[in-house]
Amino acid sequence: MAGIKEKIYNNLPYPFKFILLNIKGYLNTKQRYNKEFKVYLKEHIDLWDADLDSVTKYQNEKLSIVLSEALEHSDWYGDIMRALGITLQDIEKDPMRVLQKMPILKKTDRKTKVDLIVNKKRETAMVGHTSGTSGSPTIDYLDLDSINVSFAIWKRFHHAIGVIPGNKQVRFSGRLIVDTETKKPPFWVYNYFEKQLLMSTYHLTADNLGSYIKKLNKFKPELIDGYPSAIYIISKYINKQNISLSFTPKAIAVTAETLYDYQRIEIEKAFNCHVFNQYASSEGSPFITECVKGNLHLNLDSGVFEFINTKGEPAQAGEIAKLVVTSFINYKTPLIRYDIGDTVLLSKEEEQCDCGCKMPIIEKIIGREDDILWTEEKGYVGRMDTAYKGLKGIVKSQIIQETPEKIIVNLIADTDFDDPMKQQLLGNLKDRLGQKIEYQINEVDDIVLGPNGKFDAVKRNFELEF
Ligand SMILES: [Zn+2]
């Protein structure tokens, strides 16, 4: 369904795109920012400044709700918990202890067993499709309450970094907002209801960057958010051309991709503004957000974080750790001890941030090692996982750019991956990387892991001069 809607939207003339996007914007705004949202927002703003005992108490209460609903309304978790002899009384008495008894939820189970995992008590308000970095999409069922809570916590992040409701925003995300073949501006669409200008990340070629900057200067956003790779490309251009902007945003907030230090330096220089990193996921993982003092706080009121080191043991201070999360922002598709596939670096010693928030901090989000690709036709392309959207039958996939003119896709496929699927994948790749280069799609039995046992979903085998 998502694929068809996307196709219809992509083929519409620009004015209709604007209208359709704003109808969607209006409906989204109405759904997200309702009465319950306002209650949650106040609650979470208060928790940001609260003492650690109050935060921990809140965390225990929410965990108790997640576990109780899982026991009673999820077939998957219910079976596991009954087999372990876990009762509602146990949960009520000590939810953290119960959590420690639970097995880790693997990514493959989250993906393939979603119909068993869902919480049958909660009504579905939205169905999302995440195209994960490993290539095969995941379905997310969300209930209204969870949507309201996640937007409240996201807006609390804005509140903490000085962005207030009504501030003008620019967003660079992986959505295809304008026709990929378009050679002339606009490469953006304005969403009136969110005061948000959505800028395309698929038209960032040297020829177009000037018009992006002209538009930014006219729009004067107070917040710029989205993929760091896209904001980086614009920043590099601004710095290289010595362009001075006619506005200074209050904040730049990046998410969804690993923020590299070289990107932060370039972006902060171009916009004369601090870059705030934010970790979240469309599956509903709890949040990690950067504060005004530049520290990354674990938002304990959005979930429970556990850290596992490379040996599979609880990680110690200063270690690189795998993130295992339990979420309070997705009750419909519960995530309990979920191995989300991201890594972080823990702080060397237990530090207290002096921004006022008492929630613990970590050193760094290491994230995934997605790489930036480059073609002459499309310029820099920083996010390729959206190329798998709407496709069936891909078990695992890797995109390798051998040279600026050659892309190799190695994929492990099942029987659903037929010729039309292959053509669709090819079309998606061409939309993003251009028509003129060579594509080679190989169906393989295995994909070798990269250094440190990491899976490289995207790899570039030549040096890029930024
Ligand atoms: Zn802080």
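Every value quoted in this text rests on a predicted model; they were computed, and no experiment measured them.

Colleague: Lay out the overall build of the chain in plain terms, naming residues and giving numbers.
Modeller: Secondary structure summary: the chain contains 14 helices and 21 strands in total. When its C-alpha atoms are laid out on the principal axes, the chain stretches across 65 × 50 × 45 Å. In the chain, buried positions account for 54% of the 466 residues. Pairs at least 24 apart in sequence give 68% of the contacts found in the chain among residues at least 6 apart. When the accessible area of the chain is evaluated, it comes to approximately 21700 Å², of which 53% is carbon and sulfur surface.

Colleague: Describe the domain arrangement of the chain, with residues and values.
Modeller: One can read the domain layout of the chain as domain 1 (8-32 + 162-273), domain 2 (35-152 + 280-365) and domain 3 (370-460). Placing a centre on the C-alpha atoms of domain 2 and another on those of domain 3 gives a separation of 31 Å.

Colleague: Lay out the side chain of glutamine 196 with the relevant residues and their values.
Modeller: Mapped onto the fold, glutamine 196 is located in strand 5 (residues 196-200). Glutamine 196 sits in the buried class, given a relative accessible area of 6%. In this structure, glutamine 196 is in contact with Gln169, Arg171, Val189, Tyr190 and Asn191, ignoring residues within four places of it in sequence.

Colleague: Could you give an account of the nonpolar core, with specific residues and numbers?
Modeller: Core analysis: the biggest nonpolar cluster contains 47 residues, and Tyr77, Met81, Ile288, Phe307, Leu323 and Ile362 have the highest contact counts within it. Examining the composition of this core, we find that seven residues originate from one element, helix 4 (residues 52-73), more than from any other. Excluding residues within four positions of it along the chain, leucine 323 makes contact with Tyr279, Ile288, Phe305, Glu306, Phe307, Tyr338, Asp339, Ile340, Asp342 and Val344. Counting 37 residues, the second-largest nonpolar core is a separate cluster that includes Leu204, Ile238, Leu259 and Tyr380.

Colleague: I'd like a rundown of the pairing of strand 7 (residues 251-254), residues and numbers included.
Modeller: Alternating positions in strand 7 separate into two faces, Ala251 and Ala253 on one and Ile252 and Val254 on the other, with burial throughout. In the sheet, strand 6 (residues 223-226) pairs with strand 7 via four bridges, with the strands oriented parallel. Bridge pairing in strand 7 links glycine 226 to valine 254. Regarding the hand of the β-α-β motif, the stretch spanning strand 6, helix 12 (residues 228-240) and strand 7 is right-handed. Strand direction decides the pairing type here: strand 7 and strand 8 (residues 275-279), joined by three bridges, are parallel. Note that in strand 8 the partner of valine 254 across the bridge is asparagine 277.

Colleague: Describe the pairing of strand 4 (residues 188-191), naming the residues involved and giving the relevant values.
Modeller: Consecutive side chains along a regular strand alternate between the two faces of the sheet. For strand 4 and strand 5, the ladder comprises four bridges, and the chain directions are antiparallel. Across the sheet, residue valine 189 finds its bridge partner in strand 5, namely leucine 198. Count of turn residues in the strand 4/strand 5 antiparallel hairpin: four residues, of which lysine 195 carries a positive phi of about 50°.

Colleague: Can you explain the packing of helix 3 (residues 35-48) against helix 10 (residues 144-160)? Please cite residues and give values.
Modeller: For the pair helix 3 and helix 10, the least separation of the axes is 8 Å and the interaxial angle reads 45°. The orientation of helix 3 with respect to helix 10, classified from their angle, is oblique. Crossing of helix 3 over helix 10 shows right-handed handedness. On the side of helix 3, the interface is formed by Glu36, Phe37, Tyr40, Leu41, His44, Ile45, Leu47 and Trp48, while helix 10 contributes Asp145, Asn148, Val149, Phe151, Ala152, Ile153, Lys155, Arg156, His159 and Ala160. Grouping the amino acids of the contact of helix 3 with helix 10 by side-chain chemistry returns 11 nonpolar, three polar and four charged.

Conventions adopted
Residues numbered from 1 in each chain as written. Predicted model: local features only at pLDDT ≥ 70, side-chain atom pairs only at ≥ 80, totals over all residues. Heavy atoms only, no water. Helix = DSSP H or I, 4+ residues; strand = E, 2+ residues; numbered from the N terminus. Buried < 20%, exposed > 50% of the residue type's maximum accessible area, 1.4 Å probe, protein only. Contact = heavy atoms within 4.5 Å. Areas by Shrake-Rupley, 256 points an atom, 1.4 Å probe, with all protein chains shown as cover. Domains from an automatic or database assignment. Core = buried A, V, L, I, M, F, W, Y, C linked by side-chain atoms within 4.5 Å. Pairing = 2+ DSSP bridges. Right-handed = clockwise from strand over helix to strand, strands pointing away. Axes fitted to C-alpha atoms, helices over the stretch in contact; angles between N-to-C directions. Parallel < 35°, antiparallel > 145°, perpendicular 65-115°, else oblique. Left-handed = near helix turned anticlockwise from the far one by under 90°. Nonpolar A, V, L, I, M, F, W, Y, C, P; charged D, E, K, R; others polar.

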